[in-house]
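# A structural walkthrough
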Amino acid sequence: MTEAHFDDFLKLDIRCGTIIKAEPFPEARKPAVKLVIDFGGDLGTRKSSAQITKHYDCDALLGKQVMAVVNFPPRQIGPFMSEVLTLGVPDDAGEVVLVCPDKSVPDGGRLY
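Residues numbered from 1 in each chain as written. Predicted model: local features only at pLDDT ≥ 70, side-chain atom pairs only at ≥ 80, totals over all residues. Heavy atoms only, no water.

## Topic: the side chain of Lys34
Heads up, the condition is: Segments assigned H or I by DSSP are reported as helices when at least four residues long, segments assigned E as strands when at least two residues long, and all are numbered from the N terminus. Burial here depends on accessible area, computed with a 1.4 Å probe over protein chains only, as a share of the maximum for the residue type. Under 20% is buried, over 50% is exposed, and the range in between is partly exposed. We call two residues contacting when some pair of their heavy atoms lies within 4.5 Å.
With respect to the helices, strands and loops of the structure, Lys34 is situated in strand 2 (residues 33-38). Given a relative accessible area of 18%, Lys34 falls into the buried group. In contact with Lys34, not counting residues within four places along its chain, are Lys21, Ala22, Glu23, Pro24, Phe25, Ser48 and Phe80.

## Remarks on the pattern of salt bridges
Inclusion rule: Salt bridges are defined by distance alone: a side-chain nitrogen of Lys or Arg within 4 Å of a carboxyl oxygen of Asp or Glu.
Throughout the structure, instances matching the rule amount to 5 salt bridges. One salt bridge in this structure joins Asp8 and Lys11, with 3.8 Å as the shortest N-O distance. Here the residue Asp8 and the residue Lys11 both occupy positions in helix 1 (residues 6-11), the gap between them amounting to 3 residues, near one helical turn. Residue Arg110 pairs with Asp13 through a salt bridge whose shortest N-O separation is 3.4 Å. Residue Arg110 is found in the segment after strand 9 (96-98), and its partner Asp13 is found in the loop between helix 1 and strand 1 (14-24); the two are separated by 97 residues along the sequence. A relative accessible area of 38% places Arg110 in the partly exposed class. Through salt bridges with shared partners, a single ionic network connects Asp13, Arg15 and Arg110.

## Points about the sheet that holds strand 2
To be explicit about the condition: A pair of strands is considered paired only if DSSP assigns at least 2 bridges between the two.
Pairing within the open sheet is antiparallel, and its 5 strands lie in the order 3-2-1-4-7. The sheet is open, and its two borders are formed by strand 3 (45-50) and strand 7 (85-86), each paired with just one other strand. Bridging between strand 1 and strand 4 (residues 65-69) involves 5 bridges; their strand directions are antiparallel. Bridge pairing in strand 4 places Gly17 opposite Val66.

## Digging into the nonpolar core
Which entries qualify depends on this criterion: Definition used in this section: a nonpolar core is a set of buried Ala, Val, Leu, Ile, Met, Phe, Trp, Tyr and Cys residues joined via side-chain atoms within 4.5 Å.
The biggest cluster of nonpolar side chains holds 17 residues, and the ones touching the most others in it are Leu35, Ile52 and Leu61. Taken together, the elements giving at least two residues each to this core come down to strand 1, strand 2, helix 2 (58-61) and strand 4. In terms of residue count, strand 2 provides more of this core than any other element does, 3 residues in total. Setting aside its immediate chain neighbours within four residues, Ile52 contacts Val33, Leu35, Leu61, Val96 and Leu98.

## Thoughts on a nonpolar patch on the surface
How we decide: Patch membership requires over 30% relative accessible area and the absence of a salt bridge. Like charges are linked within 9 Å, and nonpolar side chains (Val, Leu, Ile, Met, Phe, Trp, Tyr) within 5 Å. Here the open area of atoms and residues is found with the Shrake-Rupley method and a 1.4 Å probe, where only the protein chains shown may cover a residue.
Together, Phe6, Phe9, Leu10 and Leu111 line one region of the surface with nonpolar side chains, adding up to about 380 Å² of accessible area. Along the polypeptide, Leu111 turns up in the segment after strand 9. Take Leu111: its relative accessible area is 40%, and that puts it in the partly exposed class.

Given below as structure tokens:
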């Protein structure tokens, strides 16, 4: 692994947001969900494609706070433009578990 410097970390803008819409993404090559996440303030809402179908269904995702990188360039995923990278970590089977604050925090809060 390449060593990173603190200045590298500061380049990433990782924010907390609340999922306000979640729907299946059947056109994706791997099972995924289309998310709309509200980051509040100047960021507003952003879209994300997330491969989280193993542990999460769309209805249960509504209102859930998640962490995402908001300053990567948008990425076209099939017919969908993903604007942020929703963060997760693998479980024992390699399936994505979302990175979430353990208490409610204001939308748009920056990770530091």
